[in-house]
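Residue-level structural notes
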Amino acid sequence: MDINRFRELEVFICVVENGSFSAAARTCGMTPSAISKLISRLESRLGSRLFNRSTRQLQFTLEGQLFYERGVGILAELNEAERSVSECHVPRGRLRVNANVTFGHHFLLPLIPIFSSLYPDITLDIVLTDTVVDILGQRSDIAVRAGPLKDSSLIARKLGQAKMVIVGSPLYLQKRGIPQHPDDLGNHNLLSANYMRSINGWPFVVDGVRRQISTKGTIQASDGEALRYLAIEHGGLARLAKFRVKDDINRNKLCTVLDAFNMDDMEDIHAVFVGHGGYMPLRVRAFLDFLVDNVNIDSK
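Only a predicted model underlies this, so the values are computations on that prediction, with no experimental measurement involved.

1. Topic: the packing of helix α1 (residues 5-18) against helix α3 (residues 32-46)
- Following both chains from N to C, one finds α1 and α3 inclined at 115°, their axes separated by 10 Å at the closest point. By the angle between their directions, the pair α1 and α3 is classed as roughly perpendicular. Seen from above, α1 lies across α3 with left-handed handedness. Residue-level inspection shows Arg5, Glu8, Val11, Phe12 and Val15 of α1 in contact with α3, the latter providing Ile35, Leu38, Ile39, Arg41, Leu42 and Arg45.
- Classifying every residue of the contact of α1 with α3 gives seven nonpolar, no polar and four charged.

2. Comments concerning the pattern of salt bridges
- As enumerated under the stated definition, the model contains 16 salt bridges in all.
- In this structure, Arg7 engages Glu10 in a salt bridge whose closest nitrogen and oxygen atoms are separated by 2.9 Å. A residue pair is termed a helical-turn pair when its members lie 3 or 4 positions apart in one helix, as Arg7 and Glu10 do in helix α1 at three residues.
- Look at Arg7 and you get partly exposed, because its relative accessible area is 26%.
- Classification of Glu10 by relative accessible area gives partly exposed; the value is 29%.
- Here Asp289 makes a salt bridge to Arg157, at a shortest N to O gap of 2.5 Å. On the criterion of sequence distance, the pair formed by Asp289 in helix α9 (residues 282-294) and Arg157 in strand β6 (residues 154-168) is long-range, its members being 132 residues apart.
- Residues participating in the shared-partner salt-bridge network are Glu225, Arg228, Arg244 and Asp248.

3. Section: the nonpolar core
- Judged by nonpolar contacts, the single largest core of 28 residues is most densely connected at Phe103, Leu108, Leu159, Phe287 and Ile297.
- Secondary structure elements with two or more residues in this core: β3 (93-99), α5 (101-118), β5 (142-146), β6, β13 (266-274) and α9.
- With six residues, the top contributor of residues to this core is α5.
- Listed in part, the 19 residues of the second largest apolar core include Cys14, Phe21, Ile35 and Leu50.

4. Digging into the packing of α1 against helix α2 (residues 21-28)
- With their axes 8 Å apart at the nearest point, α1 and α2 run at an angle of 125° to one another. With respect to α2, the axis of α1 lies oblique. Crossing hand, α1 versus α2: right-handed. Of α2, the residues touching α1 (which contributes Arg7, Cys14, Val15 and Asn18) are Phe21, Ala23, Ala24, Thr27 and Cys28.
- Looking at the contact of α1 with α2 residue by residue, the class counts come to six nonpolar, two polar and one charged.

5. Things to note about helix α7 (residues 224-232)
- Those residues of α7 lying buried are Gly224, Leu227, Ala231 and Ile232. Angularly, the buried residues of α7 cover 135° about the axis, an arc narrow enough to put them on a single face.
- Residues of α7 that are buried in the fold lie against β7 (192-193), β10 (220-221), β11 (238-241) and α8 (242-250).
- Looking one or two places after α7, you find His234, whose phi comes out positive at around 70°.

6. Re the confidence of the model for the protein chain
- With 86% of its residues at a pLDDT of 70 or more, the protein chain shows a mean pLDDT of 84.
- Averaged pLDDT values over the elements of the protein chain bottom out at 78 in helix α4 (residues 62-86) and peak at 96 in strand β12 (residues 255-257).

7. Some points on the packing of aromatic side chains
- Counted under the stated rule, the structure contains nine aromatic pairs.
- Centre to centre, the rings of Phe115 and Tyr119 are 4.9 Å apart; their planes meet at 35°, and the pair counts as tilted.
- Relative accessible area serves as the criterion here: at 0%, Phe115 is assigned to the buried category.
- For Tyr119, a relative accessible area of 25% gives the class partly exposed.
- Each member of the aromatic cluster is reached from another via a ring pair, and the members are Phe12, Phe21, Phe51 and Phe67.

8. Describing unusual backbone geometry
- The backbone phi angle of Asn252 is positive, close to 65°, even though this residue is not glycine.
- Structurally, the position occupied by Asn252 is in the loop between α8 and β12.
- In this structure, Leu258 is a non-glycine residue whose phi angle is positive, near 60°.
- Exposure remark for Leu258: the relative accessible area of 6% places this residue in the buried category.

9. Some words on α1
- Taking 1.5 Å per residue, 14 residues should reach 20 Å; α1 reaches 20 Å between its end C-alpha atoms and fits that length.
- A positive phi of about 85° marks Gly19, the residue just after α1.

Cut-off values and rules
Residues numbered from 1 in each chain as written. Predicted model: local features only at pLDDT ≥ 70, side-chain atom pairs only at ≥ 80, totals over all residues. Heavy atoms only, no water. Axes fitted to C-alpha atoms, helices over the stretch in contact; angles between N-to-C directions. Helix = DSSP H or I, 4+ residues; strand = E, 2+ residues; numbered from the N terminus. Parallel < 35°, antiparallel > 145°, perpendicular 65-115°, else oblique. Left-handed = near helix turned anticlockwise from the far one by under 90°. Contact = heavy atoms within 4.5 Å. Nonpolar A, V, L, I, M, F, W, Y, C, P; charged D, E, K, R; others polar. Salt bridge = Lys/Arg side-chain N within 4 Å of Asp/Glu carboxyl O. Buried < 20%, exposed > 50% of the residue type's maximum accessible area, 1.4 Å probe, protein only. Core = buried A, V, L, I, M, F, W, Y, C linked by side-chain atoms within 4.5 Å. Arc of directions from axis to C-beta. pLDDT = per-residue confidence, 0-100. Phe/Tyr/Trp six-rings, centres within 6.5 Å; stacked < 30°, edge-to-face > 60°. Expected span 1.5 Å × (residues − 1).

Printed below as a string of C-alpha cells:
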C-alpha cells in the first residue's frame, strides 16, 4: 500500500497545533476517527507512541515532540520551496513573538510599525511576559530572552547586552541607609521576581571572587516594570536593567548602589527559535535580521 508520508506529517502537525483530534479534524477536513486511524498507523510504522491519550488533554511524548520539531522544519521548508517559486521569495504569514515586558516596551514595540511597513504580508502576534515561555508549547516562532540560555534545542541570535544595576529611591535609602557592601543587603528589603529564572539571586564580585546574594524580601512581582514602580515608591531595592531605569536615575527618582561590586553585571539578550539543520522560515529570518539591525541595547 502506498504511504503518503507528507500527508501523515501534515496531519500529525495539525493535531499537535490544534491540541485534539476533533479540532484537527475540522482544520484538515477529516473526521476524528480518520485522524485517529492515521495517527495510529503512523505510530505503528514508526514503532513509537507519539501521543499520550490517557488524560483529557492530548499530550505528545518525547518522541512525538522530536518528530514535531523535525517535521515542522520539513513541512515549512517544502512550503517555502513552493512559495519561493510562486511568490518571488516574499516573507509572509503569521509570526508569533514572545518578549519580556521591558524589552517589549523599550525596543520591540517602537520598531513594529517600521517592520510592518517593510513586510506587510507578515501578520505579527506579540506577547509580552517576563515568564520564560516554552516556545514549542506556546506555539511561538521567536522569543526574546535575557540571561544565560539553557535549552540547547534552541537556535539563538544575540541582540546585545544589558547592564544591570541595583537601585532604590532616595527616600528609601535615607530611611534604611545606603549599603556599602553586598553583606549589608541583609538589612534591606530586596524586591524580587516571582517567576522562575535560570539564575536566582543577585551576582556580585567581592575581592575578585564572584558571589551570589539570595533575594529575601517582603515583596515579589510578576514583571520588571512592577519592580521598577515598587522601587520608585520606596518599597525596597531592585536589580534592573540600566536602560529600564536610566530616566528615573536622571530624574533622581532612583539611585544606584553597590556599583563597585557589580561593574561587570551584564545580561545577554538573545532572540531564540526552534530549528534544525540551519533551516529558518523566511518570515522568521526577516524578523531576526530586522531585530539585529535595529536593536541597540548596548547604547542605552
